[in-house]
Structures are given as C-alpha cells and as structure tokens.
Amino acid sequence: MIEVLIDGILFGLQLALLAVGLVLIFGLGGVLNLAHGEFVIITGITAGMLSSLGVNILISITTGVLLAGVAGVAMDRTLLRPVYKLSGEMEILVGLFLTLGLAAAIDGVIAYLFPGLHFSINVPVEAISFFGLAFRPSSLIAGLVAVISLLLLLFFLRNTTTGKAIRAILQNQTGARLCGINVDNIRTLVFLLGGIMAGLAGVAQGLSSSVDPGAGLELTSLALIVSVVGGVRSVYGAIIAGLLLGIVNAVVSYLVGTYLALIILLVVVIGVVLFKPSGLFARSV
Amino acid sequence: MEAILSVERLQAGYRGLNILWDVDIEVKEREVVSVIGPNGAGKTTLLKAIFGLIESKEGEIKFNGVRINDLKPHKRVDIGLTYVPSERELFPELTVEENLELGAYTKRARNNKDNLLEQVFEFFPRLKERKDQLAGTLSGGEQQMLAIARALMSAPRLLLLDEPSTGLAPIVTLSIYEKLKELTSELSILIAEQNVHQAFAISDRIYILENGRTVASGKPSELSEDSLIKSAYFGVSE
Ligand SMILES: Nc1ncnc2c1ncn2[C@@H]1O[C@H](COP(=O)(O)OP(=O)(O)OP(=O)(O)O)[C@@H](O)[C@H]1O
Ligand SMILES: [Mg+2]
C-alpha cells in the first residue's frame, strides 16, 4: 500500500509540473494552452533520439527540456500573437482553436515520423531500500527532480522581482502596466517556464516509466483537470491538486483497476467543481 | 516655463473609431491642469493615449520635448509618466506595502525604493497604518490613496489622474484634493474630472473637452466668468 501511495505522489508531482505551466500561461496570456501536453512529448522525443544516438543522457535530457521551453517561446511569439490583440470570449476561443490545431499538427507529425516509439530513461543503479521498502533509483530521482523544480518555481515567484511581476500580472494586467512592467516580455518568459516545467514532467515520467509520443492530448486533459480542481489561476492550487489527484488515482487504480479509476477521478473533479466552482484555491500564488 | 507635456493635433480612438479630433493640450512644469467635459467627451481616452494604453493615430505627444508616440507604457513609466485610472487597478490580493513596492518596479525607482516608500508613507500616514492589509479590503478612499501612492512610487514627473473623486464621499474627495495640492511642489498633474468644483479649485489651467475636441481653455477665473460655458456643458450644478 505504501508503494501505491508513493507511485501516486510521483504521478501527482508530474501532474503538478504540467499544471503549473498551464495555470501560469492561462493567467498571463489568457490562453488555455491545449498544446501543453506536447511539451512533454517534445522533451521525450528529443531526449530519446539524442541518447539513442549515443549522446550523454544528461545532455540529452537538458536539450529536450530546453527545447520544450523554446517551443513555448515560439508559440507565444508567433502563433498566439494575434490572440493577445483580442479580448473576452474571442480571446479565449481563438486561443483554444489555435492551440488545439497546433496539438493535432504535432501529434500527426510525430505519429508519422516515429510510429510506436516510446522513450524512457534508464538509470544504471540497483534498487535502494529504505525502512524495508524497495525504491527504484530512477523513481527516486524523478521525485527529486519534480520536488526541486516546483520548490524553485515557488521561490522564484515569491522572492524575485520578476516573480512578483508575474504575480502582479496574474491579479491585474492593467495594474501591472501602470507599474511599468513589460507585460509582453514577462508573458514570453512564462511560456518559457511553462515549457520547461512540462518538459521536466516528461523527464520525471521517462525516469519512472516511459513517455508515449501519442499521449499529448491525454496529458493536456489531465493538466486541465488538475488546474480546474486547483483553481485555474492558482499555482499553489495546481501543485496541491496535482498531488491530490495523483494519489487518488493511484489508490483507486490499486483497489478497483485503472479504468474505473479514471471514472472515479472525474467524479471527484465534478464534485469539486459543483461545490467550489472557482477551484480549491482562489488565491493566485 | 518649460512644457513637460505637449499634445498636438492628437487623434486617437478604438478600432477604427476615432474619439479624439485634433486635441491640443499643454502641461508645464509643476502645473495642475484639468480636462473637464461631459460623459463620453473623451477625457479617459485622452489620458489612455498619453500613457500609451491606446495608440495615437495622428498628431504628437511630447514628453519633456521628446516625441513618445511609439513608446510602450512601461517605457513611459521609465521616463517619468504615470497614470491613475478611475478604476484604480490595484492588486487586491497583495498587501498595501506589496502594491507600493510594485509601483517602484522600474530600475530607476527600484534603486530608490526605500526612500520612496518612506516619503509615500509620510505623505499618506493612513497607508502606513494599513501596510499589511490586503488592498482589496481597503475602503474606497483608502484605495484611491493607494492608487495615487503606488503611482508616486515610480518617482514620476507627470501624474495623469482620471476622476479621483469617483465613488468617494465629498469629504473624502476634499481630502484627496488637499493631498494633490501638496504634491504640486514636486510634479505636474493632469486631471480628468467631472467634479467641476474641485477642478476649478485646484487647477492652474483648464481645458474643456467636448465630442473629442478642446472647445475652450484658460485659467479657472477666466472660465468661470463665462457662465455660458458652464451652463452649456455642465448644467446648473454649481
Ligand atoms: N474600449 C472602447 N471601445 C470603443 N469605444 C470606447 C471604448 N472606451 C470608450 N469608448 C467610447 O469613447 C467615447 C469617449 O469615452 P471616454 O471614456 O473617453 O469619455 P469620458 O470623457 O472619460 O467620459 P466619462 O466622463 O463618462 O468618464 C465614448 O463614446 C465611449 O463610448
Ligand atoms: Mg472617463
């Protein structure tokens, strides 16, 4: 049972890594990024390709993660440019269409180029045991990577000038402009961060199991569910909700099987949305 | 005296719809200037264009002699322009002090943040008492003070102020205006106001805007003698 919990926490951390970026991008760009899961795939494929070509595994992973960040920046600076000029419902709708289109395009290209490929990272170390429990070292590293990245993100948002500017924009974009904050540049930075965090989720997944290149949209919907439960503008909410749903998912899967688990998970989500439509956490950071 | 702001033949508006037509306005160093006019005249539009929240289509906006039409708002803050909209646009979930710190975001102000904060707290002791309170929980008058104080944290040379009396009781409005008067020893202020009485009391000069055009301007004494203008534009409210 403890192993199940640990699996759940690990999965929850990956969900959190995905959802924090989604939440930040939504808060700053007004775009619900339906291509968010593709960042995971970009990292997975890049790292998998490079390492299979004999490149050092750390370099392969870093390149993959950075590439996901670059993809985020490219999205912000090209595809989504026209969206920021719109407002209200139109902004949301056009953003949805464009990012959904992008996700479908990336999925298509990847399915064509790499049919059936899965990517995983093997750490050549024996299992470690703590207190009589056996840990796969790769899972342990995956957990550490996730926890450290999330803590760094929170520290950045709380304590740096730029982090405070991000929190300011999340609360009031016009107010931020009045303070002399360059909102466009900070939004680009947030796409970079969002891509990198999602890429790290891919690394964590590659370490603990494997990345399926066809799972982009599935990952996006998981991240969406997490952000809805956490409160779509709350970074803390995304982290807590990610952990919560990860654990619920693992425990329920263990008890009744994965298929029912997904249904139960959705019921939990519907419950939260019914009782607290703004999500568990309304505060932005 | 040098003009800190000069607006010449300015045309601006929203999405192809022009609101301002050939507006000319000048604010000199340490001057308080008011733009008054009926609802929908374009006062807010004018301030937005000066601050750069909307693009100007024709004409020139010069700050300190330099054309700034193409500068983004954050660059305008950097050179000493600041804007307090009537909506105040505070950060409701941040404390009073955090709001003020963000006001000193530009590099120029950031280096001098502690001094600025001290000055602002001295100027608005009420905000100092409430520095750890969330901005969203302040009263209307306190929020207006905070909005002005946050703008002062950028160490501005020109303060653009839209309807500072919005939603405030007359007595609160009065105290805000008293404060503004004190500020004029250090900076210039351009106010858009419907509260004609306050505008006349505080201003060195006044522009009357109607349908996006400046139809009259002058010292308050000159204008208030012109009862025609008053009755034409503001009813008999005074
Ligand atoms: N975002 C917008 N899009 C289109 N038209 C707008 C927009 N904002 C204002 N307008 C129009 O521009 C005109 C001038 O509005 P503005 O807000 O500048 O007037 P104002 O003088 O500030 O009025 P008030 O005294 O009511 O504040 C109005 O006719 C208004 O309907
Ligand atoms: Mg107005």
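Residues numbered from 1 in each chain as written. Chains lettered and ligands numbered in written order. Predicted model: local features only at pLDDT ≥ 70, side-chain atom pairs only at ≥ 80, totals over all residues. Heavy atoms only, no water.

Caption draft 1: Fine view of the overall build of chain B. Within chain B, the secondary structure is distributed over eleven helices and ten strands. Taking 238 residues into account, the globule formula puts the C-alpha radius of gyration at 18 Å, and chain B, at 17 Å, falls close to it. Expressed as lengths along the three principal axes of its C-alpha atoms, the size of chain B is roughly 50 × 40 × 35 Å. In chain B, which comprises 238 residues, the proportion classed as buried is 53%. Sequence separation of 24 or more characterises 69% of the internal contacts of chain B that already satisfy a separation of 6 or more. A total of about 10600 Å² of accessible surface is found on chain B, and carbon and sulfur atoms cover 47% of it. In chain B, the 29 positive side-chain charges and the 36 negative ones have mean positions that sit 4 Å from each other. (Helix = DSSP H or I, 4+ residues; strand = E, 2+ residues; numbered from the N terminus. Rg over C-alpha atoms; globule rule 2.2 N^0.38 Å. Buried < 20%, exposed > 50% of the residue type's maximum accessible area, 1.4 Å probe, protein only. Contact = heavy atoms within 4.5 Å. Areas by Shrake-Rupley, 256 points an atom, 1.4 Å probe, with all protein chains shown as cover. Lys, Arg positive; Asp, Glu negative; His and termini not counted. Charge placed at Lys NZ, Arg CZ, Asp CG, Glu CD.)

Caption draft 2: Representation of empty space enclosed by the protein in the model. Tallying each qualifying case throughout the model produces three cavities of 30 Å³ or more. Computed from the structure, the largest cavity encloses a volume of approximately 70 Å³. Lining the largest cavity we find A:Leu178, A:Cys179, B:Val77, B:Thr82, B:Tyr83, B:Val84, B:Arg88, B:Gly103, B:Ala147, B:Arg150, B:Ala151 and B:Ser154. Of all the secondary structure elements, the ones that give two or more residues to the lining of the largest cavity are strand 6 (81-84) and helix 7 (140-152) of chain B. (1 Å grid on protein atoms, 1.4 Å probe; cavity = no way out; pocket = protein on both sides within 12 Å on 5 of 7 lines; lining within 4 Å. Points joined across faces, edges and corners; volume = space filled by probe spheres on them.)

Caption draft 3: Examining the interface of chain B and chain A more closely. Counting residues at the interface gives 23 residues for chain B and 22 residues for chain A. Note on chain B versus chain A: buried area summed over both sides is about 1900 Å², and carbon and sulfur give 58% of it. Here chain B and chain A share two salt bridges between them. Between B:Glu98 and A:Arg167 there is a salt bridge, with its nearest N and O atoms 3.9 Å apart. Going through the elements one at a time, helix 2 (73-78) and helix 3 (96-103) of chain B are the ones with two or more residues in the side of chain B that touches chain A. With four residues, helix 3 of chain B is the largest single contributor of residues to the side of chain B that touches chain A. By residue class, the composition of the side of chain B that touches chain A is eleven nonpolar, three polar and nine charged. (Buried area = accessible area lost by both parts, 1.4 Å probe. Salt bridge = Lys/Arg side-chain N within 4 Å of Asp/Glu carboxyl O. Nonpolar A, V, L, I, M, F, W, Y, C, P; charged D, E, K, R; others polar.)

Caption draft 4: Representation of the pattern of salt bridges in the model. Tallying each qualifying case throughout the model produces 15 salt bridges over all chains. Of the charged contacts, one joins B:Glu31 and B:Arg205 as a salt bridge, the two residues approaching to 2.7 Å between their closest N and O atoms. With B:Glu31 in the loop between strand 2 (17-28) and strand 3 (32-36) and B:Arg205 in strand 9 (residues 205-210), this pair connects stretches of sequence that are 174 residues apart. Per residue, the accessibility class of B:Glu31 equals that of B:Arg205, and both read buried. When salt bridges with common partners are traced through the structure, they connect A:Asp76, A:Arg77, A:Asp184, A:Arg187 and B:Lys72 into a single cluster.

Caption draft 5: Region of the structure containing helix 1 (residues 2-29) of chain A. Residue and element names in this part refer to chain A. The terminal C-alpha atoms of helix 1, which comprises 28 residues, lie 40 Å apart, in line with the 40 Å expected from a rise of 1.5 Å per residue. A large share of helix 1 lies buried, amounting to 21 of its 28 residues. Within two residues after helix 1, Gly30 carries a phi angle of roughly 70 degrees, on the positive side. (Expected span 1.5 Å × (residues − 1).)

Caption draft 6: Representation of the layout of surface pockets. The computed volume of the largest pocket comes to approximately 1600 Å³. In terms of residue count, helix 1 of chain A provides more of the lining of the largest pocket than any other element does, four residues in total. Here the lining of the largest pocket is built from residues that sort into twelve nonpolar, eleven polar and 16 charged. Both of domain 1 (1-80 + 156-238) and domain 2 (81-155) of chain B provide at least three residues apiece to the lining of the largest pocket. Taken as a whole, the second largest pocket spans an internal volume of roughly 850 Å³. (Domains from an automatic or database assignment.)

Caption draft 7: Main features of the pairing of strand 8 (residues 188-193) of chain B. Residue and element names in this part refer to chain B. The buried fraction of strand 8 is high, at six of six residues. Pairing of strand 3 with strand 8 involves five bridges; the strand directions are parallel. In the sheet register, Val32 faces strand 8, and the bridge partner there is Ile189. Pairing geometry for strand 7 (residues 158-162) and strand 8, over five bridges, is parallel. Pairing of Leu160 across the sheet is with Leu190, part of strand 8. On the question of chirality, the crossover connecting strand 7 to the parallel strand 8 by way of helix 8 (residues 170-183) is right-handed. (Pairing = 2+ DSSP bridges. Right-handed = clockwise from strand over helix to strand, strands pointing away.)

Caption draft 8: Representation of the site of ligand 1 in the model. Residues and elements named next belong to chain B. The local shell around ligand 1 consists of Tyr14, Ile19, Pro38, Asn39, Gly40, Ala41, Gly42, Lys43, Thr44, Thr45, Glu163 and Gln194. Gly42 places a polar main-chain atom, nitrogen or oxygen, 2.9 Å from an oxygen atom of ligand 1. Here ligand 1 has 630 Å² of accessible area as a free molecule, and 60% of this is covered by the chains. Of the residues forming the shell around ligand 1, the biggest block, three residues, is contributed by helix 1 (residues 43-51). Along the lines of polarity and charge, the residues of the shell around ligand 1 split into four nonpolar, six polar and two charged. (Near = heavy atom within 4 Å. Polar contact = N/O pair within 3.5 Å; in protein donor to acceptor, adjacent residues only side chain to side chain.)

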